[in-house]
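Chain and residue survey
Listed below, chain by chain, are the residues.
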Amino acid sequence: MIMEPKPSGAIPDRTIYERRESGVRSYARSMPRQFGKAEGVWMHDSEGGRYLDFLSGCSTLNYGHNHPLLKQALLDYIAADGIAHGLDLHTDAKEAFLRTFEDVILTPRGLDYRIMFTGPTGTNAVEAAIKLARKITGREMVIAFTNGFHGMTLGALACTGNAAKRGGAGVPLSHVAHEPYDGYYGPEVDTADLLEQRLSDPSSGLDAPAAILVETVQGEGGLNAASPEWLRRIADIAKAHGALLIVDDIQAGCGRTGGFFSFEDMGFTPDIITMAKSLSGMGLPFALTLFRPEFDQFSPGEHNGTFRGNNHAFVTATAALRHFWSDDAFQADVRRRGAQLEARLTRIAADYGFETRGRGMMRGISTGSGELAGTVTAACFDAGLIIETSGAHDEVIKVLAPLVIDDATLGVGLDILETRIRDAMAADYAVAAE
C-alpha cells in the first residue's frame, strides 16, 4: 500500500513564537505547522498531519529522517557514555570517522586530502577554505560566481551573490569578484573564456586571485548546473593563474548529484572542498574542509571552533558512510532515480514551456515567475507536500527529496506537484481571460 500525505487543516497556537522568536524566521511562515515527529520521507505535525518531505532540510537529510541504522548507532554510543564534545581532542569516534572516510571515500577515488574539522556549519567550512587560500597564496582576491551561495558569515557572504542576503551584512563585502557562471549570458557565450581574458589582461582591473570558489550545481541560486567542460576550464584557469580551486559541495555533495562528490568523473580534482549538510547523515551539525596535503599550513589553533569536535555527528557519519557508500549499489540507485526525476519534471515543464534545471536528485522547474512558483509551493504544502523555491527571483520550484525515497512515493509527490502547477496555470489563464 502506497502511503499518501494527510495534511492537517488546523494551524497551531503560535503565540510563543510571535512573542519570543526573532522575526528573522522564514520557513515557518510558509509552512505554519508545528512538527514533532519524522521518519524516512515523512514529517508529522502536532495536529496529526502527515507531510511528504521534498525539502530534506535543504539537502541535510539525504538519507531521510531518523534512519534506523544511524539512529541505533547514536543510541548505542550515548548509552555507552561516549564522548559528546571533544574540541579537537583525539577520540574513538573521530578515529573511526577518519579511517572510514579514508577507506570508503578517499582511497577508492584516488584522492589524497587532509581533513579539517571546522565549526559545525557550511559557512564555517567556507570561511576556513578562503582563509587558507589567502594564507597559502599571499593574495586577497577570491573569484566567486553570479547566483552563488556560500554562507551567511562575512567571508562566505562576500562570496554570495544574493543582494538581499548581502544587504544584511551592514559592512562592505570586499575582496571578492563575482564573475558570470556557466550559461549566465546564454549558451552562445563561454564565460570561462571571459574569465581567462580578464585574468590575462593586466589592465582588466581584476586582481590575481587567491582562489576560485564554485558550486558545480548552484543550490540556492536556481539549480544552475555547470557543464563538465566548463568546470574543467575553470580548474585549468585557476592552476594557470596560481589560484586554488575550491569546490563548495555543501549542498550538492553526499550523493545529491549522484556521486559522493558532485565533481566525480568530470576530469579535474579540486584543491579544496567544503562539505556539511548531509555529512552527518542525520541532521547533526558537522562540516569539513578538505585540502591537498601540501596546503596543510594553518598553525595549531590558527583557525578553530568550539564545536569542531561533534562526536555524535562523527558516529552517525561513520555509520552512513559504511552503510551507503561501501559499495556502488546506493550510488547506482540514486543515479537511476535521478534520471526518473529528470524525465518526469521534463514532461511536466514541457506542457507549459517551462525549463528544468539541475542534476541528479537536485532538480527543479523554472517557472519564470517567483509569484507563480510561490503559489505552487503553497498549494503543495496545503496538499501535504513540503517543497520550496530557489533562484534569483524564487522562480525555480526545487525538488530535494530524500535520496532513499522509493519510486512509488516519489511519484506521489510529483503527482501533487504536477496537479498544483496545472491548477495554478489554469487560474492564471482564467484571470488573464477576464
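Everything that follows concerns the structure shown earlier in this document.
Residues numbered from 1 in each chain as written. Predicted model: local features only at pLDDT ≥ 70, side-chain atom pairs only at ≥ 80, totals over all residues. Heavy atoms only, no water.

**Quick notes on the sheet that holds strand β17 (residues 396-399)**
In a beta sheet, neighbouring strands are held together by backbone hydrogen bonds and run either parallel or antiparallel to one another. With respect to topology, four strands assemble into an open sheet ordered β13-β14-β17-β16, the strand pairing being antiparallel. Looking along the sheet, the strands with just one partner apiece sit at the ends: β13 (355-359) and β16 (388-390). Pairs of neighbouring strands in the sheet enclose a mean axial angle of 35 degrees, with direction left out of account. Across five bridges, the pairing between β13 and strand β14 (residues 362-366) is antiparallel. (Pairing = 2+ DSSP bridges. Helix = DSSP H or I, 4+ residues; strand = E, 2+ residues; numbered from the N terminus. Axes fitted to C-alpha atoms, helices over the stretch in contact; angles between N-to-C directions.)

**Side note on a nonpolar patch on the surface**
Side chains of Tyr184, Tyr185, Val189 and Leu194 sit close together on the surface and give an oily, nonpolar patch of about 360 Å² of accessible area. Of note, Leu194 is situated in helix α9 (residues 191-200). A residue is classified by how much of its surface remains accessible, and Leu194, at 32% relative accessible area, is partly exposed. (Patch = residues over 30% accessible without salt bridge, like charges linked within 9 Å, V, L, I, M, F, W, Y side chains within 5 Å. Areas by Shrake-Rupley, 256 points an atom, 1.4 Å probe, with all protein chains shown as cover. Salt bridge = Lys/Arg side-chain N within 4 Å of Asp/Glu carboxyl O. Buried < 20%, exposed > 50% of the residue type's maximum accessible area, 1.4 Å probe, protein only.)

**Quick notes on the sheet that holds strand β1 (residues 35-39)**
If you walk across this open sheet you meet the four strands as β1-β2-β3-β15, and the pairing is mixed. In this open sheet, the two strands that pair with only one neighbour each are β1 and β15 (385-386). As paired strands, strand β2 (residues 42-45) and strand β3 (residues 50-53) are joined by three bridges and run antiparallel to one another. The residue of β3 that forms the bridge with His44 is Arg50.

**Digging into the pattern of salt bridges**
Under the counting rule described, the total for this entry stands at 22 salt bridges. The closest approach of N and O atoms between Asp333 and Arg337, which form a salt bridge, is 2.8 Å. One end of the pair is Asp333 and the other is Arg337, both in helix α12 (residues 329-350) and four residues apart, which spans about a single turn. On the basis of relative accessible area, Arg337 is assigned to the buried category, the value being 5%. Each of Asp333, Arg336, Arg337 and Asp407 takes part in one network of salt bridges that share partners.

**Quick look at helix α4 (residues 68-79)**
For α4, which comprises 12 residues, the first-to-last C-alpha distance of 16 Å matches the rise-based estimate of 16 Å (1.5 Å per residue) to within 8%. Taken together, the buried residues of α4 touch α5 (92-106) and α11 (311-325). Looking at the residues trailing α4, positive phi occurs at Asp81, about 60 degrees. (Expected span 1.5 Å × (residues − 1). Contact = heavy atoms within 4.5 Å.)

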